[in-house]
Amino acid sequence: MKRSNRLIILLGIFLAVIGGLGTMVVLNSSSGGGGIGGSSATPTPTAEPVTTVVIAKTDINLGDKITAAMVGVTKMTISQQEALGTDTFSDVNQVIGRIAGGKITTGQVLVASRDFLSPGTMADGQDIAGAVASGMIAVSMEVDQVNGVGTLLVPGDHVDVVLSVWMDQLGISGGKTAGGSSLEIKSGTQVTTKMVIQNRKILATLLPPPDTTTSNATAAPKGSAGPAPKATAALVQNTGRHMMVILEVKPDEAEILRWAQREEKTDPQNYIDLSLALRSDQDNELPNANTPGITFKMLVDKYGVLPPDPRAVLPPDIARGISW
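Being a predicted model, the structure only gives us computed values, none of them experimental. (Residues numbered from 1 in each chain as written. Predicted model: local features only at pLDDT ≥ 70, side-chain atom pairs only at ≥ 80, totals over all residues. Heavy atoms only, no water.)

**Here we look at the overall build of the chain**
For the chain, the helix and strand inventory stands at 6 helices and 11 strands. Within the chain, the fraction of its 324 residues that count as buried is 27%. Put simply, of all contacts in the chain between residues at least 6 apart along the chain, 70% involve residues at least 24 apart. A total of about 21,200 Å² of accessible surface is found on the chain, and carbon and sulfur atoms cover 58% of it. (Helix = DSSP H or I, 4+ residues; strand = E, 2+ residues; numbered from the N terminus. Buried < 20%, exposed > 50% of the residue type's maximum accessible area, 1.4 Å probe, protein only. Contact = heavy atoms within 4.5 Å. Areas by Shrake-Rupley, 256 points an atom, 1.4 Å probe, with all protein chains shown as cover.)

**Some thoughts on the pairing of strand β10 (residues 242–249)**
The buried fraction of β10 amounts to 6 of the 8 residues, a majority that puts the element mostly inside the structure. Summarising the sheet, strand β5 (residues 137–144) and β10 pair through 8 bridges and their orientation is antiparallel. Across the sheet, the residue bridging to S140 is I246, located in β10. (Pairing = 2+ DSSP bridges.)

**Remarks on the side chain of T88**
Looking at the element boundaries, T88 is found in the loop between α2 (78–84) and β3 (99–100). On the basis of relative accessible area, T88 is assigned to the buried category, the value being 16%. Apart from the residues within four sequence positions on either side, T88 is in contact with V53, Q81, V109, L110 and V111.

**Some thoughts on the nonpolar core**
Counting residues in each nonpolar core, the largest one holds 19 residues, and the members touching the most others are M141, V245, L247, L257 and L276. Discounting residues that sit within four places of it in the chain, L247 has contacts with I137, A138, V139, M141, V159, V161, R200, K201, I202 and L257. Membership of the second largest hydrophobic core comes to 12 residues, among which are I60, F89, L110 and F116. (Core = buried A, V, L, I, M, F, W, Y, C linked by side-chain atoms within 4.5 Å.)

**Describing the confidence of the model for the chain**
Across the chain, the average pLDDT comes to 77, with 67% of residues at or above 70. Taken as a whole, residues 215–220 scores under 50 in pLDDT and shows 9 contacts with residues more than four places along the chain or in a different chain. (pLDDT = per-residue confidence, 0-100.)

**Some thoughts on the pattern of salt bridges**
All told, the structure shown has 5 salt bridges when counted by the stated rule. Notably, a salt bridge pairs E253 with R200, separated by 2.9 Å at the nearest N-O pair. Linking E253 in helix α4 (residues 251–260) with R200 in strand β9 (residues 189–206), this pair joins segments that are 53 residues apart in sequence. The exposure classification of E253 matches that of R200, with both residues buried. (Salt bridge = Lys/Arg side-chain N within 4 Å of Asp/Glu carboxyl O.)

Below, the structure is given as structure tokens:
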């Protein structure tokens, strides 16, 4: 064999060895091994899914009705959202119009069970002083379904207060008629009514405890395995129920309310002196209306209501001298 052929063979063997060593280095590097020139690779973590939640864009006080300007949305991870509970919100339209049940700070995620009020859900000992505007005070008044808008009022509603006062009419007794009989005209009552307070906010409502004397379960259909399903929402029915309303008023208006809160009668209309009128939430920024009030004489003069004819009860010799 020639010398040149042997050199070629040796060069081929050398190149094969070098190629094998290079392959080993590449394999060790890709498998995370610590071979020649190798390094340990860190796997890329999988990003946790995120979700949308509604937050407060400004501080909100107890009793405030949520508007679009008060809320916004932000993103957070699923685990962060689950830590807050299952009753967060994903859209601002789900909270607009609701009533804040406590102080909500800027940036706070809104949670239904914690941050909002529904009728009669005030917790015992809950502080509502922060909901009362400066210069105003909170008073309670009792209403029923006749003078309390069906007891459909909820915290955040604005109402007007109407006062009706029973005034004694003129009573005449003693003396004699021309015919010599005793003269006596008994006094009666006359009502005068006026809207005395306007545009005041309801801070809270207190409903009576649920009736436990009757069962809410309905009878099961014949042949069924269990009771019939219950209604998912309680319906307000005409049961004559009463409601306590916590109303934000001025100090002098509180005096009017307290004066009127006296027991005129012994039937359910004990507080018939006072009644509430529900305002549209689109009118809360309007100035107060100028109302004239109403008396029986005004009903006669302005609206043409026919008055009773006193000649029917007066002695004939007196009645003859009255023109009607």
